[in-house]
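# Chain and residue survey
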Amino acid sequence: MIIAANLKTNLTREKTAKYIKEVESFLSKNSISQEVIVFPAISSLNLHVGKVTVGAQNAYPAINGAFTGETGYEQLEEFGIKTILIGHSERRHVIGETQGMLVKKFNFYKELGFKIIYCVGEPLAVREAGHDKMMEYISNQYEGIDASYEKLIIAYEPVWAIGTGLTPTLEDIVAIHKELKEKSSAPLLYGGSVKVTNAKEVLALDGVDGILVGSAALYAEHFCTMCEYAQKLDK
Ligand code: 13P
């Protein structure tokens, strides 16, 4: 299974290094063989060799150049980064990234052979508009994306569940994952208010190949517990 931590705009460079060290040592001590990915803030990237894969939360689709404030491939390459998160709801809705921009990023980093974790998910108003409207909205987020890319991982993260403590029911997660699996056979993660208290049951669900965790993953101990749950399930 795939257990991923999105640290967002949290932790300093020093605290991130400590965090990754703690996770790394837990994975070794407990012989965890699951795929564990950590996405630190860009300023906390560093060379890392070990069981933890370190990925970038975002990057600009360029090798380098005049893109003030952005990070290009050259800056990722310096730290051996080959994994990137694209389409997170905070980039779509807070930063205002369009589907067109996400597609450019996707294609650029796909060409470079990156592993891509591509996020999809609906805001509350869309969910409340009913099943068909919701699926139409999510389908549009697949527009322009190569759903058969072999290094693709998809994360279903309902926007209203992110950082709110709310989650869909377990039945709803199974149902939507089943529909999303028809769009792509890529591994499919669930994200949105996953905590140590619900991780085990979410991981055990049909069609759930892993989790993408935000706030609860900020505690290395909690994140490690989730990795252990996944190891015990060993789906
Ligand atoms: P929370 O786990 O804080 O809800 O965040 C989920 C998320 O956005 C992971 O990318």
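Coordinates for the structure precede this section.
Parameters and conventions
- Residues numbered from 1 in each chain as written.
- Predicted model: local features only at pLDDT ≥ 70, side-chain atom pairs only at ≥ 80, totals over all residues.
- Heavy atoms only, no water.
- Helix = DSSP H or I, 4+ residues; strand = E, 2+ residues; numbered from the N terminus.
- Rg over C-alpha atoms; globule rule 2.2 N^0.38 Å.
- Buried < 20%, exposed > 50% of the residue type's maximum accessible area, 1.4 Å probe, protein only.
- Near = heavy atom within 4 Å.
- Polar contact = N/O pair within 3.5 Å; in protein donor to acceptor, adjacent residues only side chain to side chain.
- Areas by Shrake-Rupley, 256 points an atom, 1.4 Å probe, with all protein chains shown as cover.
- 1 Å grid on protein atoms, 1.4 Å probe; cavity = no way out; pocket = protein on both sides within 12 Å on 5 of 7 lines; lining within 4 Å.
- Sits in = over half its atoms within 2 Å of the grid points.
- Nonpolar A, V, L, I, M, F, W, Y, C, P; charged D, E, K, R; others polar.
- Axes fitted to C-alpha atoms, helices over the stretch in contact; angles between N-to-C directions.
- Parallel < 35°, antiparallel > 145°, perpendicular 65-115°, else oblique.
- Left-handed = near helix turned anticlockwise from the far one by under 90°.
- Contact = heavy atoms within 4.5 Å.
- Pairing = 2+ DSSP bridges.
- Salt bridge = Lys/Arg side-chain N within 4 Å of Asp/Glu carboxyl O.
- Expected span 1.5 Å × (residues − 1).
- Points joined across faces, edges and corners; volume = space filled by probe spheres on them.

### A look at the overall build of the chain
- Scanning the chain for helices and strands turns up nine helices and eight strands.
- Taken over C-alpha atoms, the radius of gyration comes to 17 Å for the chain, in line with the 18 Å a tight globule of 235 residues would show.
- With respect to the principal axes defined by its C-alpha atoms, the chain has extents near 45 × 45 × 30 Å.
- Within the span of the chain, comprising 235 residues, buried residues form 49% of the whole.

### Notes on the site of the ligand
- Around the ligand, the surrounding shell holds 13 residues, and the nearest of these are K8, H88, G163, S193 and S215.
- One nitrogen or oxygen atom from the side chain of H88 is found 2.8 Å from an oxygen atom belonging to the ligand.
- Between an oxygen atom of the ligand and a side-chain N or O atom of S215, the distance comes to 2.4 Å.
- Considering the ligand on its own, with 310 Å² of exposed area, one finds that the protein chains cover 99% of that surface.
- Judged by its atoms lying within 2 Å of the grid points, the ligand is housed in the largest cavity.
- Looking at the shell around the ligand residue by residue, the class counts come to four nonpolar, seven polar and two charged.

### Observations concerning the packing of helix α6 (residues 131–140) against helix α7 (residues 170–183)
- With their axes 12 Å apart at the nearest point, α6 and α7 run at an angle of 40° to one another. As the angle between them shows, α6 and α7 are arranged oblique. As for how α6 packs across α7, the hand of that crossing is right-handed. Across from H131, M134, M135, I138 and S139 in α6, the residues of α7 making contact are I176, E179, L180 and K183.

### As for the sheet that holds strand β6 (residues 152–156)
- Reading across the sheet, the eight strands line up as β3-β2-β1-β8-β7-β6-β5-β4 and stay open at both edges, with parallel pairing between neighbours. Each edge of the open sheet carries a strand with a single partner, namely β3 (52–54) and β4 (83–86). Put simply, the sheet's adjacent strands are angled 25° from each other on average, direction ignored.
- Looking at chain direction, β4 and strand β5 (residues 115–120) are connected through four bridges and run parallel.

### Considerations on the pattern of salt bridges
- For the structure shown, the criterion picks out nine salt bridges.
- A salt bridge links E97 to R91; the nearest nitrogen and oxygen atoms lie 2.7 Å apart.
- Through salt bridges with shared partners, a single network forms among R91, E97 and K105.

### Focus: helix α9 (residues 220–233)
- In this model α9 runs 20 Å from its N-terminal to its C-terminal C-alpha over 14 residues, within 8% of the 20 Å that 1.5 Å per residue would give.
- Residues of α9 that are buried: A220, F223, C224, M226, C227, Y229 and A230.
- For α9, the secondary structure elements touched by its buried residues are β1 (2–6), α1 (13–29), β2 (35–39), α8 (199–203) and β8 (210–213).
- Positive phi appears at D234, one or two residues downstream of α9, with a value of about 40°.

### Considerations on the layout of surface pockets
- Approximately 350 Å³ is the volume attributed to the largest pocket.
- Together, 16 residues line the largest pocket, and T9, Q57, N58, R91 and I95 are the ones closest to its centre.

### Here's the deal with unusual backbone geometry
- A positive phi angle, near 50°, is found at K8, a position not held by glycine.
- In the Ramachandran plot, S31 falls in the positive-phi region, its phi being about 45° despite a non-glycine side chain.
- Residue placement: S31 occurs in the loop between α1 and β2.
- Take S31: its relative accessible area is 52%, and that puts it in the exposed class.

### Comments concerning the environment of S148
- Along the chain, the position of S148 falls in the loop between α6 and β6.
- The exposure class of S148 is exposed, given its relative accessible area of 62%.
- Taking the C-alpha atoms as reference points, S148 and S25, separated by 123 residues in sequence, lie 34 Å from one another.

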